[in-house]
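A look at the structure
Chain by chain, the residues:
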Amino acid sequence: MAFHATEGEQGESMMINFMGSCAMNKKMVSVAKSELIEKYGDHLIGDLRWELGKLFFTVDYTEEVKDVIWSLTAMEKVSVIVTKIDKLSADASPEDKLKEFESFGRSYDWNTAFQQYKMVTGITNDNPTFKVFCRRKGVNFDNLTREQIAAALAGGIQENTGWGIDLRDPELHIICPCNDQGITLGIQTAQQSSTRNYIAQTGLKGLNPTVSWFIARCAEPTDHQVVLDICCGKGIILAESFSKWPTNIYIGCDLSDTQVLDAKANFKASKSRVDVVVSNMTSSAFRSSTFDVVFADLPFGRQHGSLQENQTLYPATLLECSRLLVPNGRLVILTDSKNTQLLRSSIDQTASFSLVRRRWLRLGTTDAQVYVLTREPLPTKIDWTDASLSKPFKWEGRSWAETCAKERPGMIAS
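Presented here is an overview of the structure given in this document. All of these numbers come straight from a predicted model, not from anything done at the bench.

A closer look at the overall build of the protein
- Summing up its helical and strand segments, the protein has 11 helices and 16 strands in all.
- The C-alpha atoms of the protein give 24 Å as radius of gyration, which agrees with the globular expectation for 414 residues (22 Å, within 12%).
- With the C-alpha coordinates aligned to their principal axes, the bounding extent of the protein is approximately 70 × 45 × 40 Å.
- Relative to its 414 residues, the protein shows a buried fraction of 54%.
- Within the protein, counting contacts between residues at least 6 apart in sequence, those at least 24 apart form 76% of the total.

What follows is the structure in structure tokens.
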């Protein structure tokens, strides 16, 4: 099947190729596939395809299913596809590669894809402004920046269509994910309508929102509690927690002034009532026994710090969390497999936590783990061999990804 925008009758139906993005890859992709089959039924054409890190599907788009896209919850974004392109030659010069991207803008049928976009969204503007959003990965693109690719593609599209380029407030988001397996060109059509849209507004990405939702859920908070994220980064965990438990008092802290400013921007955009302060995770100014819940997304030693620095940081952070939590308070920690033994020994050193659950996650290519602990009033020792402590929570149902999708609203036009 040719996977590009094709003209069709404007009457009863049109075959439209879509591309969806999912958080957490395999977990959420499985849920997304089931949701598409259930909701589109016989209107799905061909197989669902997971390629290039995206979910591709084709819909016989009729009046009967015109509103289905707005009810989808498992995918983060859905785009109408203009075309899929084989990988570029690795031997081509940067200048030749940019000329190819410019030719993609000039030669492909953007107007047909735009008509399909209008059919789905109901938008009537015939002369939109646009901006190209490029993500590139792989050796074929090591010598090109995403800004160079976006500029070259945008120039070709403008020449082809006459649309205006607007880098501040574009009406169309042209997407261009590139990797060594291929390139996809599309028009972003729908996105999640939950509070995750604050990231689209600010552009300040931190920990994946779906992962953050899972971490917040693992704390199993109740209403009217006091919650701290001891190394909040851009504030995604607290924003996700606030969206579900808005009566709690939320405080975030981070040692980086930049991260604190970014977190404040995300909280403002998501309308989350969260106080953020600059503070060291190992020696904060908060009183002892203040918090009912503490989140700690600990450095893996890659983007931030190092494995060697973690040897000191992890034990000190666990002692501080023990001090800050009320008796029977809950601590939720995210780390990766390379720090597992260090984390466990740090927990054992405090002798003040019992293990509620440990859960495994896949963050891109990283094997991550979530540890859910309870602050015990008396010294205690954890049996790390107890397999029952790795079982899913009851609220996870068949899978926590499916539960996450069920709790989210549908999509809105991008």
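Once the structure has been displayed, the description carries forward.
Some details on the sheet that holds strand β12 (residues 291–297)
- The sheet built from 7 strands is open, its strands ordered β11-β10-β9-β12-β13-β15-β14 with mixed pairing. In this open sheet, the two edge strands, each paired with only one partner strand, are β11 (274–278) and β14 (353–363). Direction aside, the axes of adjacent strands within the sheet are offset by 15° on average.
- The pairing of strand β9 (residues 226–229) with β12 spans 3 bridges and is classified as parallel. Within β12, the position partnered with Asp229 by the bridge is Phe295.
- Packed onto the sheet, helix α7 (residues 236–244) meets β9, β10 (249–254), β11 and β12 and runs at close to 175° relative to β10.

Side note on the packing of helix α2 (residues 94–107) against helix α4 (residues 146–161)
- Between α2 and α4, the least distance of the axes is 6 Å, while the angle of their chain directions is 30°. Taken together, the axes of α2 and α4 lie roughly parallel to each other. Crossing geometry of α2 relative to α4 is assigned as right-handed. Residues Leu98, Phe101, Glu102, Phe104, Gly105, Arg106 and Ser107 of α2 touch α4, and the partners they reach there are Gln148, Ile149, Ala152, Leu153, Gly156, Ile157, Glu159 and Asn160.
- Here the residues of the contact of α2 with α4 sort into 7 nonpolar, 5 polar and 3 charged.

Quick notes on the nonpolar core
- Counting 93 residues, the largest nonpolar core has Tyr40, Phe57, Met75, Phe101, Cys176, Ile183 and Phe295 as its most contacted members.
- Contacts of Tyr40, omitting those with residues within four sequence positions, involve Phe57, Val59, Val65, Val68, Ile69 and Leu72.
- Judged by nonpolar contacts, the second largest core, of 28 residues, contains Cys321, Leu324, Leu331 and Trp384.

Some thoughts on the state of the cysteines
- Scanning the entire structure with this criterion turns up 0 disulfides.
- This cysteine, Cys176, is not joined by any disulfide, and Cys178 carries the nearest cysteine sulfur, 3.5 Å off.
- A relative accessible area of 0% places Cys176 in the buried class.

Some details on unusual backbone geometry
- One non-glycine residue, Lys271, adopts positive backbone phi at about 60°.
- Inspection of the secondary structure puts Lys271 in the loop between α8 (257–270) and β11.
- Residues other than glycine seldom take positive phi values, yet Ser289 does so here, at roughly 55°.
- Mapping Ser289 onto the fold places it in the loop between β11 and β12.

Thoughts on the environment of Thr335
- Along the polypeptide, Thr335 turns up in strand β13 (residues 325–336).
- Sequence spacing of Thr335 and Leu261 is 74 residues, and the spatial spacing of their C-alpha atoms is 24 Å.
- Discounting residues that sit within four places of it in the chain, Thr335 has contacts with Phe300, Tyr314, Leu343, Ala368, Gln369 and Tyr371.
- Engagement of the side chain of Thr335 in a polar contact is seen with the side chain of Tyr314, the distance being 2.8 Å.

Let's talk about α4
- A rise of 1.5 Å per residue sets the reference length of α4, with its 16 residues, at 22 Å; its end C-alpha atoms lie 22 Å apart and thus fit the reference within 8%.
- Residues of α4 that are buried sit in contact with α2, α3 (110–121), β5 (129–136), β6 (164–165), β7 (172–179) and β8 (182–192).
- Among the residues trailing α4, Gly162 stands out with phi positive, at a value near 85°.

Cut-offs used in this document
- Residues numbered from 1 in each chain as written.
- Predicted model: local features only at pLDDT ≥ 70, side-chain atom pairs only at ≥ 80, totals over all residues.
- Heavy atoms only, no water.
- Helix = DSSP H or I, 4+ residues; strand = E, 2+ residues; numbered from the N terminus.
- Rg over C-alpha atoms; globule rule 2.2 N^0.38 Å.
- Buried < 20%, exposed > 50% of the residue type's maximum accessible area, 1.4 Å probe, protein only.
- Contact = heavy atoms within 4.5 Å.
- Pairing = 2+ DSSP bridges.
- Axes fitted to C-alpha atoms, helices over the stretch in contact; angles between N-to-C directions.
- Parallel < 35°, antiparallel > 145°, perpendicular 65-115°, else oblique.
- Left-handed = near helix turned anticlockwise from the far one by under 90°.
- Nonpolar A, V, L, I, M, F, W, Y, C, P; charged D, E, K, R; others polar.
- Core = buried A, V, L, I, M, F, W, Y, C linked by side-chain atoms within 4.5 Å.
- Disulfide = S-S within 2.5 Å.
- Polar contact = N/O pair within 3.5 Å; in protein donor to acceptor, adjacent residues only side chain to side chain.
- Expected span 1.5 Å × (residues − 1).

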